[in-house]
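Structural overview
As a plain string of letters, each chain reads:
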Amino acid sequence: MTGKAASEAPVSASQETAPEPAKMPATESPGETAAPGEEKHPEPEASATPTATEPAPPSEDVPSAPLQLTVEDVSHNSVTVSWEPPEKLGRLGIQGYVLEFCRVGASEWVPVTARPVMVIQQTVRNLSLGDKFFLRVTAVSSAGAGPPATLAQPVHIQEIIEHPKIRVPRHLRQTYIRHVGEAVNLQIPFQGRPKPQASWTHNGNALDSQRVNVRSGDQDSILFIRSAQRSDSGRYELTVRLEGLEAKAAIDILVIEKPGPPSSIKLLDVWGCNANLEWTPPQDTGNTELLGYTVQKADKKSGQWFTVLERYHPTSCTISDLIIGNSYSFRVFSENLCGLSDSATTTKELAHIQKADITAKPQGFVERDFSEAPSFTQPLADHTSTPGYSTQLFCSVRASPKPKIIWMKNKMDIQGDPKYRALSDQGICTLEIRRPSPFDSGVYTCKAINVLGEASVDCRLEVKGKRRVTLQVHLLLVTSPLPS
């Protein structure tokens, strides 16, 4: 059996060649083994190699030593070793492997598990810092245990040093903005083993312990300010140190408040329905840049303020569409991320919108004569119709004043004939012929007449009649003499 087995096979205790230990460690599942028991042994020189059991005489039934015994991983409380199956398995095959350890300075080999296990990798856990021991593994068959494979160097359990690393939350990777009076609570996680030392600085200087509280644990550091002030703004740097290694992270904090009002405001000019204003920026911007200004107006009669401009960036503006006869006051607020300033700067003088003397200058008006003699813009078109289906004739005429429309058939007036219906709407002239017959074929004329003249158009209408088929039957009468 040379594969990686996951099961555990029993083995006869009488066939083991390893010495029986005074106290066996607890047995766990193959591949994850508890730490061997702590036993006190007299310690010879540290460089002494444990005394190996005298190997049994070679036998064809006993397997050879396992191959390539290797330490796969060592942590602060465990070690993992692996090996390859022996070159010779013996005639009876192997029943498992026995992993043993021997502390440096001792001579007794202690098995890790009570019975052989069919695995080629084992992890010994729950070790203590400072443990130093040798490891060996033996293949066991029903005929006995073969020669062991031993590590050339002892395994030393030491504290694993993990480089310190700071993980800054995403929302703190840009400037962290708080308002005056709000609390600042920063929790910054970090990594490192053993426990690293964390320290904070503010703009390169030590923190003010009267205002800033810091609490550092094994995995994070918390900076807390109960009531932030503008003086708390700046760069805070967290440093995590571990045995000569360190990691740093910087966090920018900005504490802001509402800005002050503009320093001054002046009414520069008033003309027509317009007023021009100018003001100077505030002395206190609230520890941040301004988003703009809000300009409002109020007339003297009502005293109500109305917003004219919002988040306006220049420091001068022209206000238009003021009502004639009213007097206006103006005021300006500053604005930043906290909002508008608590107060505004108001103009001292009023802007009076005077009534201007307006004289109407009527211009001479020449009335245009739209009179026009009749003219057809769309003539009649020749048309072919089917008997029994009503048909219509169309044309369009332009004239002023409105012309009189006369319809004729073959130059005969057909006004009043119930077979025809004449319509005229917005210059569109229509003649409807109800259920025409071949008799209604002919030339139709539309004539338009007003005081300036007359015009006419005509077309030909053809009503096709149904074809009649005449069948002539010729009878031939043949006579013959009657028989006598």
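Note that the coordinates shown come from a computational prediction; the quantities given were computed from them, not determined experimentally. Once a new chain begins, its residue numbering starts again from 1 and follows that chain's sequence as written. A pLDDT threshold of at least 70 governs which residues receive local features in this predicted model, and a stricter bar of 80 or more applies before side-chain atom pairs are shown or counted, although totals over entire chains, interfaces and linings include all residues. The side-chain numbers reported here are obtained from all heavy atoms of the structure, hydrogens and water having been left aside.

Observations concerning the nonpolar core
By size, the foremost hydrophobic cluster in this structure holds 22 residues, and its most contacted members are Val79, Phe133 and Leu135. Numbering of helices and strands runs from the N terminus; a helix is a DSSP stretch of H or I covering at least four residues, while a strand is a stretch of E covering at least two. Of all the elements in the fold, those that place two or more residues in this core are strand 2 (79-84), strand 3 (96-103) and strand 6 (132-141). At 4 residues, strand 6 tops the list of elements feeding residues into this core. Take the buried residues of types Ala, Val, Leu, Ile, Met, Phe, Trp, Tyr and Cys, join any two whose side-chain atoms come within 4.5 Å, and each joined set is a nonpolar core. For every residue, the accessible area obtained with a 1.4 Å probe (protein chains only) is divided by the maximum for its type, and the residue is called buried under 20%, exposed over 50%, and partly exposed between those limits. Leu223, Ile225, Ala247 and Val255 belong to the second largest nonpolar core, which has 21 residues in total.

Section: the sheet that holds strand 19 (residues 274-279)
Think of a sheet as strands paired side by side through backbone hydrogen bonds, with each pair either parallel or antiparallel. Strands sit in the order 18-19-22 across an open sheet of 3 strands; the sheet is antiparallel. Strands with a single pairing partner mark the edges of an open sheet, and in this sheet they are strand 18 (265-271) and strand 22 (316-319). Each neighbouring strand pair of the sheet contributes to a mean axis angle of 20°, computed without reference to strand direction. As defined by bridge partners, strand 18 adjoins strand 19 across 6 bridges and the pair is classed as antiparallel. Within strand 19, the residue paired with Asp269 across the bridge is Asn276. When DSSP finds two or more bridges between two strands, those strands count as paired. All axes are obtained by fitting lines to C-alpha atoms, using only the stretch in contact for helices, and the reported angles, taken between N-to-C directions, cover 0 to 180 degrees.

Observations concerning the pairing of strand 32 (residues 420-425)
Relative to strand 33 (residues 428-433), strand 32 is paired through 6 bridges, and the arrangement is antiparallel. The residue bridging Arg421 from the neighbouring strand is Glu432, located in strand 33. Here strand 32 folds back onto strand 33 in antiparallel fashion, the turn holding 2 residues, of which Gln426 has a positive phi close to 55°.

Re the environment of Asn126
You can see Asn126 is positioned in the loop between strand 5 (121-124) and strand 6. A relative accessible area of 56% means that Asn126 is categorised as exposed.

Some thoughts on the sheet that holds strand 15 (residues 220-225)
Spatial ordering of the open sheet is given by 10-12-15-14, a layout of 4 strands whose pairing is antiparallel. Because the sheet does not close on itself, it has two edges, and the strands there are strand 10 (162-166) and strand 14 (212-216). The average undirected angle you get between the axes of adjacent strands in this sheet is 15°. Relative to strand 15, strand 14 runs antiparallel, the two being bridged by 5 bridges. Residue pairing for strand 15: Val212 is matched across the bridge by Ile225.

Section: the pattern of salt bridges
One speaks of a salt bridge when a side-chain nitrogen belonging to Lys or Arg is within 4 Å of a carboxyl oxygen belonging to Asp or Glu. Counted by the stated rule, this structure contains 15 salt bridges. Notably, a salt bridge pairs Arg241 with Glu246, separated by 3.2 Å at the nearest N-O pair. Classification of Arg241 by relative accessible area gives partly exposed; the value is 42%. A relative accessible area of 42% places Glu246 in the partly exposed class. In the salt-bridge network here, residues are joined through shared partners; they are Arg230, Glu257 and Asp284.

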